[in-house]
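Report on the structure
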Amino acid sequence: MDVKARDFIPVAQVALSDPALRAAVKRATDTAAQKRLATMFWAGRTHGEALRQQAAQARRRALRDLPALLEQAEAAMTANGIQVLWAADGDEVRRLVLDIAARHEVRRAVKSKSMISEEVALNHALQAHDIDVLETDLGEFIVQLSGETPSHIVTPVIHKSKETIRDLFVRELDMPPTDDAEAMTQFARGHLRRAFLEADMGISGGNFIIAETGALCLVTNEGNGRMVTSLPRVHVALVGIEKVIATVEDYATLTQILPRSSTGQTMTVYTQMIHGPRGADDDGPEHVYVILVDNGRSDIYPTDYAEALACIRCGACLNACPVYEATGGHAYGWVYSGPIGAVITPLLTGLENASPLPHASSLCGLCKEVCPVDIDLPRMLLDLRHDLDEAGHTPPVWKWGIRGWAMVARSPRLFGLAARAAGLGGRFLPPRPPLPPPLNGWTRTRDLPELAPKSFRQLWAERQKAGKRDD
Amino acid sequence: MTSRETILSKLHAARQPFAGLPPAGDMIPVVPADDTSPAALRVRFVAAAEALNCTVTACPDADAAIRHILGLVGTDSTILSWDLKHVPLPGLGAALAAAGIAIAAAGDAHVRAGLTGVDAALAATGSLLLASGPGKPRGASLLPEVHIAVVAAGQIVPDLETWLAAQRAAGLEHLRRLNSVVMISGPSRTADIAMETVMGVHGPGAVQIVLVGES
């Protein structure tokens, strides 16, 4: 997928002036955030927080031991009958999937949600080789039909109204017109059911790989994940190298904390552990491939941003973020949106390609607070701003402004003078004055606070004098 | 160098992150519970499964359960099913045959109802845990519109943690031989269209749990 994160501001501005979109995103994120609170903390704050720390440690221990766990996982999966492949980048992922498709004479593929496949634009590559590929998560199916990109990790069509989806189904699939979400869903079920049965290959992502048992773990609510991994002859899973975890005990914590943080469910409807292809007298795929995908992750691993690799893609930070709520997901310009997108898009695609994203945050800290694995997103956003500055991405106006501020704030005499000048100036200014350029962007949508006629330091000095007289 | 070697050597060479972490200690369960008596487990399982929009019907014995299942199948002439030796209801095969109900080939996607047993039921979350294997096709709990799951009261365990602890005690080799393990928590569902919850998008839209026996 092309990176369009540099256009954050213009795209966000379009989203900001779309009240229907803002209302839809706000409703969806508020609902998810409330449900999260109810299921994460139903046994009390203390228990919920302890659980978060348990999950956080499980993910960090896995990252600490990542290379050894990857080797262990590879050996275990291979022993289970899963064919394990490694891909350094998007080119290699596409080539490997095309090779598998060619080997098994695949004409039709069905996909359940895989963020990595979006990273590497797998669908285009398959279609270019005359392989039909159909998204089967209802939201992703709608995204694919409309030729768009997902706007939320978990609920990809958060931005689309029911009427838009109805018109799309009528136009593209000859659906008899209906405004009933259930009837629309049933229509899609019929359409996709045929695709599942005809497909030669199923493509999925992976939520976790358990190193000690070689289990590929998936969660889906709709059941498309089970269809994709059960019905076609061949199953290919694309899994980031960071997804490996150590033990079944860690799995128990993580696979239960994921839906609680994501949709506020206690369990995702279908929570799967896949250990291998079909056995004798069994149904399921004849061949299971797991492609372990790097695509930039090993570059993050040795840096101070390694924590970002602990992410379990629940979307809680999106649902909590005031910026995401206002702009929706498309403004972030790549696969991942919200606070985690603002951190990993620059890291995976290059700082220069995503320079606005680390600034797309008020640093309110809610993203860290809601994160089920306690990733310090605000810290990394600040560090990325620092990196952007070092790399020369700070506009000169900001630089001079901040330098000027630093000079004034570091000198008590200058600070006093500035405060006095502001107090004096305030008397002559009209109420709520607009600031002159380049600061006018700030006052365009906000009121400048009224300046006190006397500064704190003046008041303090006067009080001290008055106090001495009283003695 | 292959990509495998490139990736692994890069990771091995890197400064190890989070080096100061404490070793994994005792873990707390995601859903804490004090009372794990069979009676309490049963109450919790039923409440949790019903909260997930499953229908739970308690049957005192196999005969009652079989009558209930025949009612659920209704006038259908075929069902998808696990091999009945994996469904803890003696006499079920004869009853189905007597009612003229045949078991369709695994993978038949045009059958309305699917019948399975379970490998365990999780009280904490109301989940049904099913492992695939010979005579236990995945399709029976996935393809039909209605999934009928027979749960013996003694199959209810407190939670996923407990079930996995039992697997570890038995040796994880056994778990690894189960090609597919799925925990089913309610009917297939989506809220992708305008946040409206709809059941039965790809998998069954109804899960009928037949709970057999006293706890």
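Heads up: these notes are all about the structure in this document. (Residues numbered from 1 in each chain as written. Chains lettered and ligands numbered in written order. Predicted model: local features only at pLDDT ≥ 70, side-chain atom pairs only at ≥ 80, totals over all residues. Heavy atoms only, no water.)

1. Comments concerning the overall build of chain A
Regarding its fold elements, chain A presents 22 helices and 10 strands. Principal axes of the C-alpha set define a box for chain A whose edges measure 100 × 55 × 45 Å. In chain A, which comprises 471 residues, the proportion classed as buried is 56%. In chain A, of all internal contacts separated by at least 6 residues, the share reaching a separation of at least 24 is 74%. When the accessible surface of chain A is totalled, it reaches about 19800 Å², and 55% of it is carbon and sulfur. (Helix = DSSP H or I, 4+ residues; strand = E, 2+ residues; numbered from the N terminus. Buried < 20%, exposed > 50% of the residue type's maximum accessible area, 1.4 Å probe, protein only. Contact = heavy atoms within 4.5 Å. Areas by Shrake-Rupley, 256 points an atom, 1.4 Å probe, with all protein chains shown as cover.)

2. Things to note about the overall build of chain B
A tally of helices and strands in chain B yields 6 helices and 12 strands. Along the first, second and third principal axes, the C-alpha atoms of chain B reach 70 × 45 × 40 Å. A burial count over chain B gives 54% of its 215 residues as buried. Considering only contacts within chain B whose residues lie at least 6 apart along the sequence, 77% involve residues at least 24 apart. Summing over all exposed atoms, chain B offers an accessible surface of approximately 8600 Å²; the carbon and sulfur share of this is 56%. If you average the places of the 14 positive and of the 18 negative side-chain charges in chain B, the two averages end up 10 Å apart. (Lys, Arg positive; Asp, Glu negative; His and termini not counted. Charge placed at Lys NZ, Arg CZ, Asp CG, Glu CD.)

3. Some words on the packing of aromatic side chains
What the rule picks out here adds up to 7 aromatic pairs over all chains. When the centroid spacing of 6.0 Å and the interplanar angle of 55 degrees are considered together, the rings of A:Phe141 and A:Phe169 count as tilted. Of this pair, A:Phe141 sits in helix H8 (residues 138-146) while A:Phe169 sits in helix H9 (residues 162-173), and the two are 28 residues apart along the sequence. Accessibility expressed as a relative area gives 0% for A:Phe169, which makes it buried. On the numbers, 5.8 Å between centres and 70 degrees between planes, the contact of A:Trp334 with A:Tyr336 is edge-to-face. A single burial state applies to A:Trp334 and to A:Tyr336, both of which are buried. The ring of B:Phe18 carries the charged tip of A:Arg60 above its face, separated from the ring centre by 5.6 Å. (Phe/Tyr/Trp six-rings, centres within 6.5 Å; stacked < 30°, edge-to-face > 60°. Lys NZ or Arg CZ within 6 Å of the ring centre and 35° of its normal.)

4. A few points about the nonpolar core
Membership of the largest hydrophobic core comes to 112 residues, with the highest contact counts inside it found for A:Leu70, A:Ile209, A:Tyr251, A:Met273, A:Val290, B:Trp163 and B:Leu164. Setting aside its immediate chain neighbours within four residues, A:Tyr251 contacts A:Phe208, A:Ile210, A:Cys217, A:Ile245, A:Gln256, A:Thr271, A:Gln272, A:Met273, B:Leu160, B:Leu164 and B:Met183. With 75 residues, the next largest nonpolar core counts B:Ala49, B:Cys54, B:Ile66 and B:Leu115 among its residues. (Core = buried A, V, L, I, M, F, W, Y, C linked by side-chain atoms within 4.5 Å.)

5. Notes on unusual backbone geometry
With the exception of glycine, most residues fall at negative phi, and the peptide bonds are largely trans. Residues and elements named next belong to chain A. Phi at Asp130 is positive, roughly 60 degrees, even though this residue is not glycine. Looking at the secondary structure, you find Asp130 in the loop between helix H7 (122-128) and strand E3 (132-135). Among the residues examined, Asp130 registers a relative accessible area of 60% and is labelled exposed. In this model, Leu363 sits at a positive phi of 55 degrees, which is unusual for a non-glycine residue. Along the polypeptide, Leu363 turns up in the loop between helix H16 (338-349) and helix H17 (366-370).

6. Observations regarding helix H3 (residues 45-64) of chain A
For H3(A), spanning 20 residues, the distance from its first C-alpha to its last is 28 Å, which sits close to the expected 28 Å at 1.5 Å a residue. Judged by how many residues are buried, H3(A) sits mostly within the fold: 14 of 20 residues are covered. (Expected span 1.5 Å × (residues − 1).)

7. Digging into the sheet that holds strand E4 (residues 113-116) of chain B
All names here are of chain B. If you walk across this open sheet you meet the 6 strands as E1-E12-E7-E4-E2-E3, and the pairing is parallel. Each end of this open sheet is capped by a strand with a single partner; those strands are strand E1 (55-59) and strand E3 (102-103). As paired strands, strand E2 (residues 78-81) and E3 are joined by 2 bridges and run parallel to one another. The residue of E3 that forms the bridge with Ile79 is Ile103. Strand contacts of helix H3 (residues 62-73): E1, E2, E4, strand E7 (146-152) and strand E12 (206-212), with the helix running at about 165 degrees to E12, the strand carrying the most contacts. (Pairing = 2+ DSSP bridges. Axes fitted to C-alpha atoms, helices over the stretch in contact; angles between N-to-C directions.)

8. Description of a nonpolar patch on the surface
A surface patch of nonpolar side chains, amounting to about 310 Å² of accessible area, comprises A:Val397, A:Trp398 and A:Ile402. With respect to the element layout, A:Trp398 can be found in helix H19 (residues 396-410). (Patch = residues over 30% accessible without salt bridge, like charges linked within 9 Å, V, L, I, M, F, W, Y side chains within 5 Å. Salt bridge = Lys/Arg side-chain N within 4 Å of Asp/Glu carboxyl O.)

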